[in-house]
Amino acid sequence: MEELKKLAKELLENKTVAAVIGYQQVDDKRTKPIIVTTPEDASKLVFNEYCLNNLAVYLTKARIKNLAKQNGTTLKLGIVAKPCDIHAIVALIQESQLKREDVYIIGMNCHGVVKDYGMDFSGETLATKCTPCDSHKPLYSDSNLGEVKDTPKVSDEVLEKIQAVEKMSHKERFEYFKKEFDKCIKCYACRAACPLCYCQRCITDKTVPRWVESSPHSRGNFSWNVVRAFHLSGRCIGCGECERACPMDIPLSLLNRRMTETAKQAFAYVSGRSLDTPTLVGSYDVKDSDELFM
Amino acid sequence: MDEKIISKQNLVNFCKDIVANGHNLLAPGKTEYNLIQDPSEIVLDTKSKPTKASYKTFVFPKAEPILYYKRGKNDVVMLDAKVDEKKTVIFGAKPCDTNSFNILNKIFNWDYKDDFYNERVKNFIVIGLMCEYSDRYCFCTSVGSSPVSEKGSDLFLVPIDENNYAVRIVTDKGKEFIGAYSKYFTEGAPEKSKAAEEKVKQPEVAFDSKQVHEWLGKNFEHPKWDGVGDLCLSCAQCAFVCPVCHCFDLVDEDYSYTEGRRMKNWDGCQFGHFTLHASGHNPRDIQGKRYRQRINHKFKYYVDKFDEILCTGCGRCSRGCAVSIDIKEIVANCTD
Amino acid sequence: MSDKNWEPKIVAFVCNWCTYTGADLAGTSRLKYPTNVKLIRVMCSGGIDPVFILKAFERGADGILVSGCHPNDCHYNAGNFHARRRWTFFDELLEYLGVEKGRLQFSWVSASEGKKFVDVVSKVVNDVKEMGPFKSYDELNSEFMTKFPDMPEIDKNMIIKEEEAV
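Given the structure is predicted, the values throughout are model-derived calculations rather than measurements.

Q: Please explain the overall build of chain C as it appears in this structure.
A: Counting secondary structure elements, chain C contains 5 helices and 4 strands. When its helices and strands are written in sequence order, chain C yields β-α-β-α-β-α-β-α-α. In chain C, which comprises 166 residues, the share counted as buried stands at 52%. Taking the intrachain contacts of chain C between residues at least 6 apart in sequence as the baseline, contacts between residues at least 24 apart amount to 83%.

Q: Looking at this structure, I do not really get the interface of chain A and chain B. What am I missing?
A: How big an interface is tends to be stated in terms of accessible area lost as the parts join. Counting residues at the interface gives 41 residues for chain A, matched by 33 residues for chain B. Carbon and sulfur atoms supply 54% of the area that chain A and chain B bury against each other, a total of about 3000 Å² over both sides. Summed over the shared surface of chain A and chain B, the result is 6 salt bridges. The element that contributes the greatest number of residues to the side of chain A that touches chain B is strand β2 (residues 30-36) of chain A, accounting for 6 residues.

Q: Whenever I open this one, the interface of chain A and chain C confuses me. Can you help?
A: Each partner contributes to the interface: chain A provides 48 residues, whereas chain C provides 46 residues. Between chain A and chain C, the buried area comes to about 4500 Å², and carbon and sulfur atoms account for 69% of it. Seen at the junction of chain A and chain C, the total is 3 salt bridges. The partner of Glu-92 of chain C in a salt bridge is Arg-258 of chain A, with the nearest N and O atoms 2.7 Å apart. Scanning the region where chain A abuts chain C turns up 19 residue pairs in polar contact (both at pLDDT 80 or more).

Q: What should I look at first to understand the pattern of salt bridges in this one?
A: Opposite charge on two side chains allows them to pair when their charged atoms are near. What the rule picks out here adds up to 52 salt bridges over all chains. In this structure, Arg-136 of chain B and Asp-27 of chain A form a salt bridge, with 3.3 Å as the shortest nitrogen-oxygen distance. Placement of the pair is Arg-136 of chain B in the loop between β7 (124-129) and β8 (155-159) and Asp-27 of chain A in strand β1 (residues 17-27), with the two residues belonging to separate chains. On the basis of relative accessibility, which here comes to 26%, the residue Arg-136 of chain B falls in the partly exposed class. Given the relative accessible area of 27%, Asp-27 of chain A is considered partly exposed. Across the pair Asp-230 of chain B and Arg-63 of chain A runs a salt bridge, and its minimum N-O distance is 2.7 Å. Note that Asp-230 of chain B is positioned in helix α8 (residues 224-231) and Arg-63 of chain A in helix α2 (residues 62-67), a pairing that runs across two chains. A cluster of three or more residues bridged by salt bridges with shared partners is formed by Asp-156, Arg-257, Glu-261 and Lys-264 of chain A.

Q: Explain the nonpolar core to me, please; I cannot follow it from the model alone.
A: Most often, soluble globular proteins have nonpolar side chains that are buried together. Counting 173 residues, the largest nonpolar core has Ile-89 and Ile-106 of chain A, Phe-299 of chain B together with Ile-64 of chain C as its most contacted members. Once residues within four sequence positions are removed from consideration, Ile-64 of chain C is found in contact with Val-11, Phe-13, Ile-53, Ala-56, Phe-57, Arg-103, Leu-104 and Gln-105 of chain C. Leu-11, Ile-18, Ile-125 and Leu-129 of chain B belong to the second-largest nonpolar core, a separate cluster that totals 25 residues.

Q: Sorry, what's going on with the sheet that holds strand β11 (residues 248-254) of chain B here?
A: In a beta sheet, neighbouring strands are held together by backbone hydrogen bonds and run either parallel or antiparallel to one another. Residues and elements named next belong to chain B. Across the sheet, 4 strands lie side by side as β5-β4-β12-β11; this open sheet has antiparallel pairing. Either end of the sheet is taken by a strand with one partner, and the two such strands are β5 (76-80) and β11. When strand polarity is set aside, the average angle formed by the axes of neighbouring strands in this sheet is 25 degrees.

Q: Would you explain the packing of aromatic side chains in this entry?
A: The description of an aromatic ring pair rests on the distance of the ring centres and on the angle between the ring planes. The full count for this structure, using the stated rule, is 45 aromatic pairs over all chains. Measuring from centroid to centroid gives 5.0 Å for Tyr-284 of chain A and Phe-81 of chain C, while their planes differ by 10 degrees, and the two rings are stacked. With one member in each of two chains, Tyr-284 of chain A in the segment after α9 (252-267) and Phe-81 of chain C in helix α3 (residues 79-96) form a pair that bridges those chains. The exposure class assigned to Tyr-284 of chain A is partly exposed, which follows from its relative accessible area of 37%.

The rules behind each value
Residues numbered from 1 in each chain as written. Chains lettered and ligands numbered in written order. Predicted model: local features only at pLDDT ≥ 70, side-chain atom pairs only at ≥ 80, totals over all residues. Heavy atoms only, no water. Helix = DSSP H or I, 4+ residues; strand = E, 2+ residues; numbered from the N terminus. Buried < 20%, exposed > 50% of the residue type's maximum accessible area, 1.4 Å probe, protein only. Contact = heavy atoms within 4.5 Å. Buried area = accessible area lost by both parts, 1.4 Å probe. Salt bridge = Lys/Arg side-chain N within 4 Å of Asp/Glu carboxyl O. Polar contact = N/O pair within 3.5 Å; in protein donor to acceptor, adjacent residues only side chain to side chain. Core = buried A, V, L, I, M, F, W, Y, C linked by side-chain atoms within 4.5 Å. Pairing = 2+ DSSP bridges. Axes fitted to C-alpha atoms, helices over the stretch in contact; angles between N-to-C directions. Phe/Tyr/Trp six-rings, centres within 6.5 Å; stacked < 30°, edge-to-face > 60°.

Put into structure tokens, the structure is as follows:
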């Protein structure tokens, strides 16, 4: 923790970075995002099991990007990132939303975070996104901090749920998802919290023509949730922010994770793992399977 | 004020009768207030966390048709949508929720009287329940309410011992409603419920709303708004779970070339396109301005117009915020 | 299905260069195929956004066919390759959400394959007939529609026919 504060202070002092996007302690078991722009404030930065946010979401915001522009030069943006957050940063770079040299990644070694604030960290309270996680050390980083600890071993709840849903008949499945999607109030917290939902204008906000109805009724909710899940297919890095942000407890990770599994099985691709490969849906291979087509 | 007593067993019977009489019965669940089919599932817990969503959707639905239309060659035939006249009874509502109708009544009966809202409220019976839950986000006491406030309830429940609840009859509507169920109630003992209420721990008063009001009037261009704005992700979670946020959007939805409906859907002031003009100009173009609007609307404009704070202090917006923006903390800092 | 007279509504999104021309060939060759299918011509299978599919279902389609040029034959070189990856996901997603596989089908039909177009369309129509009307999606549509029977009877002549409404 001290090394993080020291590093951030140095980076800000010698003008390597214009700002550090990081976490600030609220109380014992709660943190919140903070954008540190002065060396004095660097002492506010923390990192622990309560750093739930995926801060990569801020990297595509216009005002945050503008912070980096100082006196005619562009500095880097520093970001405190868990290994999974770094996948999001990598995906953003792959999708040309960001340049590698524009960001200074303070990669933290991570052994998992809690499901929600206020909980003690243990196997039972381990966030569901952390159970299948195999990246406890950053893949890409400019500095690598933090100690390596063991992640509690617990069963993969989301995968079990996915399989349980797959066992249902088509009709039951449709009913199940209809019921879940009906809860949706279209606050678009899922979209806002997602680091990869960076479109300047989302398809649901387009009105001429209106492809996805803006009404939060059964049909509009179904369209929106299908479109959201589809647009993240093969891109989702599984940070689970959408589900955490959802005020109505819709199991969004079921869809995201299911699509991630498809990407793995059909294309042997996991999003956000390599800066050297093109994105899955932005590229193609003539040897892709043709099974689907008559 | 009249007071009765009802035993736990009779409370369930009371609820069963409500359902049997064909009324909608709502009770708090984990995420939202649920329609109850089997009253024995209801768990009345004064210590439970407030639901993630408020119950405003039952009087001001997230989506409702207000009219239907069919296009003719020369004109359009329109048909008003009607409101379901079924009575709805909400059971075990938190005092911070019950206060919402008092606040919403003002805006929905201001220059235009909203029939859809008024009709539903007329058929709504609110049975409040004393609250013993409190976390860092609660601030009902700062906006003139309290965990034992009866404001907005028709009937108010206070647990007096393990097996009995005191039922305080707050409004004539409530009195009339329980008239038909009088066999379940026995004479009350106000001193017991008073004692129970006094034991409730009140959340600390975080700010003085008058001072905040004054400060907001003077600090429209304060740099702090940009600070919050940079962190806010521009979703409408806060507005949509809020018991008193009432902005809506009107959309026409065709379902064929010739027919369709006009929908009234919730809208949120934190969306970037909320104030986007057709010309392309956006008066609230950055998030800081939008957040300023949210606070100002709640603690200044609404007060100026209706002499009421547009906030019940339930803390839902902060509790659910993905980036932990705490409205209480922000408003408490709105002082010199 | 229970209703013997029920005929499915099928929408086919076809690419301009291959499948549409293939359909043309089927016509000029006097080949017969079911009339349930409504062709919508787009420039490339890569240009078919999945929201088109959702919209078609919303407007009452019972089955949908998406068809384009064979791999390596795309007029724009790679449109169908991009489409292939995307449809793989979309197909899996809809299936997971409870839409039966046969509701949404894909094919490659070249400009010279008039016969294949007939076969593909016949197969889709037969598959959908087997499955019956798309009731699940109808349920989504039915919300807030219940009040329509209350509409006053209006003069039928007053209503614009779909053809005129353009």
